[in-house]
Amino acid sequence: MALSPEALKDRDPSLAGTIAQTLQDPAADRFEEEDAVFLKFHGIYQQDDRDVRKTGKHWQFMVRTRQPGGIVPAPQFLAYARLAREYGNGTLRVTSRQAFQFHGVVKSGLARTMRGIHDALATTLAACGDVARNVMAPPIPAETSAAAEVRADAQRLSDALLPVTRAWHDIWVEGVPVKLGEEPKADPLYGRTYLPRKFKTAFAIPPLNDTDLLTNCLGFIAVVENGALVGYDLAVGGGLGRSHGNVATFPRLADVLGFFEREHLVAIGQAVLKIHRDWGDRTNRKHARLKYVLEDRGADWFRAELERLTGLTLQPRRAGEFTAGGDRFGWHRQADGRWYLGLHVEAGRVRGALLEALEQIASELGVEVRLTATQNVLLVDVDEDQRARIEAILAARQAGRDPLPLRRSSMACPALPTCGLALAESERWLPTLLDTLEGLLREQGLDDDEISVRVTGCPNGCARPYMAEIGFVGKSPGRYQLWLGGDRRGTRLNSVYRETIKTEEIPDVLRPVFARYAQERQPGEAFGDWTHRVGLVQPFTPTTPVAAAA
Ligand code: SRM
Ligand code: SF4
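Below is a short write-up of the structure.

Turning our eyes to something else, we now look at the overall build of the protein chain. Regarding its fold elements, the protein chain presents 17 helices and 21 strands. What you see for the protein chain is a C-alpha radius of gyration of 23 Å, in line with the 24 Å of a compact globule of 550 residues. With the principal axes as the frame, the protein chain shows a C-alpha extent of 70 × 55 × 55 Å. Counting every position in the protein chain, which comprises 550 residues, the buried fraction comes to 57%.

When two helices pack together, their arrangement is given by the angle between their axes and by how far apart the axes lie. The contact between helix H8 (residues 265-279) and helix H10 (residues 299-310) brings their axes to 10 Å, and the two run at 120 degrees. In terms of orientation, H8 and H10 fall into the oblique class. Taken as a pair, H8 and H10 cross one another with a handedness that is right-handed. When H8 is examined against H10, the residues Ala267, Ile268, Ala271, Val272, Lys274, Ile275 and Trp279 are found in contact with a partner set consisting of Trp301, Phe302, Glu305, Leu306, Leu309 and Thr310. Considered class by class, the residues forming the contact of H8 with H10 number 10 nonpolar, 1 polar and 2 charged.

It is worth spelling out the coordination of the iron atom of ligand 1 at this point. With respect to protein ligation, the iron atom of ligand 1 binds only Cys462 (SG), at 2.3 Å. Position of Cys462 relative to the elements: it lies in the loop between strand E18 (453-456) and strand E19 (470-476).

We now examine the site of ligand 2. What surrounds ligand 2 is the set Cys413, Pro414, Ala415, Cys419, Leu421, Ala422, Thr456, Gly457, Cys458, Asn460, Gly461 and Cys462. Along the lines of polarity and charge, the residues of the shell around ligand 2 split into 8 nonpolar, 4 polar and no charged.

To continue, consider the pattern of salt bridges. One pass over the full model with this rule turns up 47 salt bridges. Among the ionic pairs, Arg262 bridges to Asp153, the shortest N-O distance being 2.9 Å. Here Asp153 lies in helix H6 (residues 146-160) and Arg262 lies in the loop between strand E10 (255-261) and H8, a separation of 109 residues in the sequence. Note on Arg262: relative accessible area 24%, which makes it partly exposed. We classify Asp153 as buried; its relative accessible area is 1%.

Another point: the side chain of Ser409. Tracing the backbone shows Ser409 in the loop between helix H13 (405-408) and strand E17 (410-412). Looking at Ser409, the relative accessible area reads 18%, which means it is buried. A polar atom in the side chain of Ser409 sits 3.2 Å from the backbone oxygen of Pro405. Apart from residues no more than four positions distant in its own chain, Ser409 is found in contact with Glu450, Ile451, Ser452 and Val453.

Taken together, 29 residues are adjacent to ligand 1, and Thr95, Leu240, Thr418, Cys462 and Arg464 come closest. The contact in question runs from an oxygen atom of ligand 1 to an N or O atom on the side chain of Thr95, over 2.6 Å. Between ligand 1 and the protein, one listed contact pairs an oxygen atom with a side-chain N or O atom of Thr418 at 2.6 Å. Those elements giving two or more residues to the shell around ligand 1 turn out to be strand E1 (44-48), strand E2 (59-64) and strand E5 (100-105). Taken together, the residues that form the shell around ligand 1 break down as 10 nonpolar, 11 polar and 8 charged.

Moving on: the nonpolar core. Judged by nonpolar contacts, the single largest core of 97 residues is most densely connected at Phe203, Phe220, Leu234, Val272 and Leu379. Look past the residues within four positions of Leu234 in its chain and what remains in contact with it is Leu218, Gly219, Phe220, Asp255, Val256, Leu257, Gly258, Phe260, Ile268, Val272, Leu306 and Leu314.

Our next topic: helix H15 (residues 506-520). Helix length check: H15, at 15 residues, gives a terminal C-alpha distance of 21 Å against a target of 21 Å (1.5 Å per residue), a fit within 8%. Three or more residues of H15 are buried, namely Ile506, Val509, Leu510, Val513, Phe514 and Tyr517. Buried positions in H15, seen along its axis, are confined to an arc of 110 degrees and lie on one side of it. Across from the buried face of H15, at angles greater than 90 degrees, the exposed residues are Asp508 and Gln519. Tucked inside the fold, the buried residues of H15 contact helix H14 (430-443), E19, strand E20 (479-484), strand E21 (495-502) and helix H16 (527-533).

Judged by pairing direction, the sheet is mixed, and its 4 strands sit side by side in the order E6-E8-E9-E10 without closing on themselves. One side of each edge strand has no neighbouring strand; the edge strands of this open sheet are strand E6 (201-204) and E10. Taken pair by pair, the neighbouring strands of this sheet meet at an average axis angle of 25 degrees, ignoring direction. In the sheet, strand E9 (residues 228-236) pairs with E10 via 6 bridges, with the strands oriented antiparallel. Along E10, the bridge assignment pairs Leu234 with Gly258.

Taken residue by residue, a regular strand's side chains alternate between the two faces of the sheet. Of all 6 residues making up E5, 6 are buried, and the element is well covered by its neighbours. Pairing analysis gives 3 bridges linking E2 to E5, with the strands arranged antiparallel. Bridging across to E5, Val63 finds its partner in Phe102. Hairpin connection, strand E4 (residues 92-94) to E5: the antiparallel pair is bridged by 5 residues, and Gln98 has positive phi, about 65 degrees.

A separate point is the sheet that holds E19. Pairing in this open sheet of 5 strands is mixed, and the strands run E17-E18-E19-E20-E21 from one edge to the other. Every interior strand has two partners, whereas the edge strands, E17 and E21, have only one. Averaged over all neighbouring strand pairs, the angle between strand axes comes to 15 degrees, with direction disregarded. In this structure, E18 lies alongside E19, joined through 4 bridges in parallel fashion. In the strand pairing of E19, Arg454 is matched with Gly471. Where H14 meets the sheet, its contacts fall on E17, E18 and E19, and the angle it forms with E18 comes to roughly 145 degrees. Its contacts with the sheet put H15 on E19, E20 and E21, and the angle it makes with E21 is roughly 145 degrees.

Okay, the packing of helix H4 (residues 74-87) against helix H5 (residues 107-119) next. Interaxial distance between H4 and H5 falls to 10 Å at its minimum, and their mutual angle equals 175 degrees. The pairing of H4 with H5 is recorded here as roughly antiparallel in orientation. Taking contact as the criterion, the partners of Tyr80, Leu83 and Tyr87 in H4 are, on H5, Gly109, Arg112, Thr113, Gly116 and Ile117.

How each quantity is defined
Residues numbered from 1 in each chain as written. Chains lettered and ligands numbered in written order. Predicted model: local features only at pLDDT ≥ 70, side-chain atom pairs only at ≥ 80, totals over all residues. Heavy atoms only, no water. Helix = DSSP H or I, 4+ residues; strand = E, 2+ residues; numbered from the N terminus. Rg over C-alpha atoms; globule rule 2.2 N^0.38 Å. Buried < 20%, exposed > 50% of the residue type's maximum accessible area, 1.4 Å probe, protein only. Axes fitted to C-alpha atoms, helices over the stretch in contact; angles between N-to-C directions. Parallel < 35°, antiparallel > 145°, perpendicular 65-115°, else oblique. Left-handed = near helix turned anticlockwise from the far one by under 90°. Contact = heavy atoms within 4.5 Å. Nonpolar A, V, L, I, M, F, W, Y, C, P; charged D, E, K, R; others polar. Donors = N, O, S within 2.8 Å, 3.2 Å for Na, K, Ca; no water. Near = heavy atom within 4 Å. Salt bridge = Lys/Arg side-chain N within 4 Å of Asp/Glu carboxyl O. Polar contact = N/O pair within 3.5 Å; in protein donor to acceptor, adjacent residues only side chain to side chain. Core = buried A, V, L, I, M, F, W, Y, C linked by side-chain atoms within 4.5 Å. Expected span 1.5 Å × (residues − 1). Arc of directions from axis to C-beta. Pairing = 2+ DSSP bridges.

Geometry only, nothing functional implied.
Encoded structure:
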């Protein structure tokens, strides 16, 4: 029997396992189960194509990059596009955490994909695993210099939270097994057994919550005064993952604990990570996220522990409120006079005409790509005289068209056929679902309504369905749990409206809801806000058992 992740980390804190040896074995099309655990820390998931399971397991790999703040310089984008074609399934998947994923890489192409990512000056180290994941930050080139400072802070913190193991470099760049004698026995920050579970970090600049900050373990809400970034309000203990039928697991929004000055960013970030490291539940991976430390011990305990570890005192909250979330589409002028363009990407899947157009734009004009937390892309720092060329390139390929409001604020996780945990379709079902919902909204004259719709193939919550105004959470093929009532500011969890709904029942269930909304809504009232005002759903709290809410 394979060892538990805790035992494996303890046995081999280098995280190397026998990956290098298996890599050199041309007869092996996959890695042993234990190495598959270590591979996650290298940003790699061992998967099999679930569409063809009847004919056996066809092993393939998902590779996830680390892109703090979603920044992808043009040469890096071009390298990724080439790698996706040569070794992957020809697509690049923008993730809900501003990173890229390659899907469908087979073992013989894995080393070359990884080497290519390294040569593009990027890494996949700690993109997955029980460590601090990709650090999110607002991708929009905003009106003040504070936005650039926040992005620089995100990069600085991301570097400070990286594990130091040489295994990634030795295996994927040098192509050698780890020199065990030289490897430290324990990571200076993480210790020997890393974290009990994944750890997620985001930054946001109010009033825009474009990173869904409160769903993160660690959040930094920028405090900008007179155009200058002075510090952050600290948010801790957000997280969404849950399991069907297990009321001890639930989505939870972060607690905002108070303000600290910018110079203490790394000390605070590392201290929060250490609290997770030392107090997270290592006996039960379903209870191991930082959110349960907050839930079980409370925000006051957490604040005291943080202040003890850092010697700092958190001050009263200073950040402004969040009043909006999501992305901006189309052309917008930057503070420096240049432009950025927001492009919708359906379910984050960059492929075909859009991939080709972005490649041409990156190679001809050197324009930087930014990934958003809602699976879209921005082209930033565009000069006035480049705009027409970009429009021509997109038009020639019929790519980058602005879709209807409902479509552009939708999200879906990959689910089938790649995700081993999927219970139902998600990304592949999204277009059909949106057609249905658009039809229902049209019946009520609500075509122009921007209602956020998010779908996942299981309750883990990868496309953050529990924050959506309408969330579908997969239960089994063709059956979903229906959640209603999130807001567009990312400050309210939604609640279960139907415990199970078959796809063909959606019109009958949602038609009367949309009809009521069309009749009863107040001017400018968003769908999610309306569901709460009229009592269609009750507020979700972490202690409300999900099953009882339906
Ligand atoms: Fe996720 C596991 C995809 C964001 C909660 N997630 C997985 C795996 C790796 C399945 C697995 O463990 O075998 C999925 C790979 C599918 C595939 O084929 O690509 C997967 N998660 C994704 C992505 C690609 C979804 C997307 O639509 O973009 C996102 C990658 C982000 C990144 O770049 O790092 C992704 N996952 C999220 C989010 C949203 C977020 O972080 O903002 C969540 C909910 C927030 C949270 O963490 O609480 C999320 N993923 C999970 C969980 C449940 C964790 C929990 O606490 O219970 C799992 C399962 C697990 O860890 O055991 C999971
Ligand atoms: Fe897979 Fe579930 Fe995450 Fe979707 S939500 S990618 S089905 S783990």
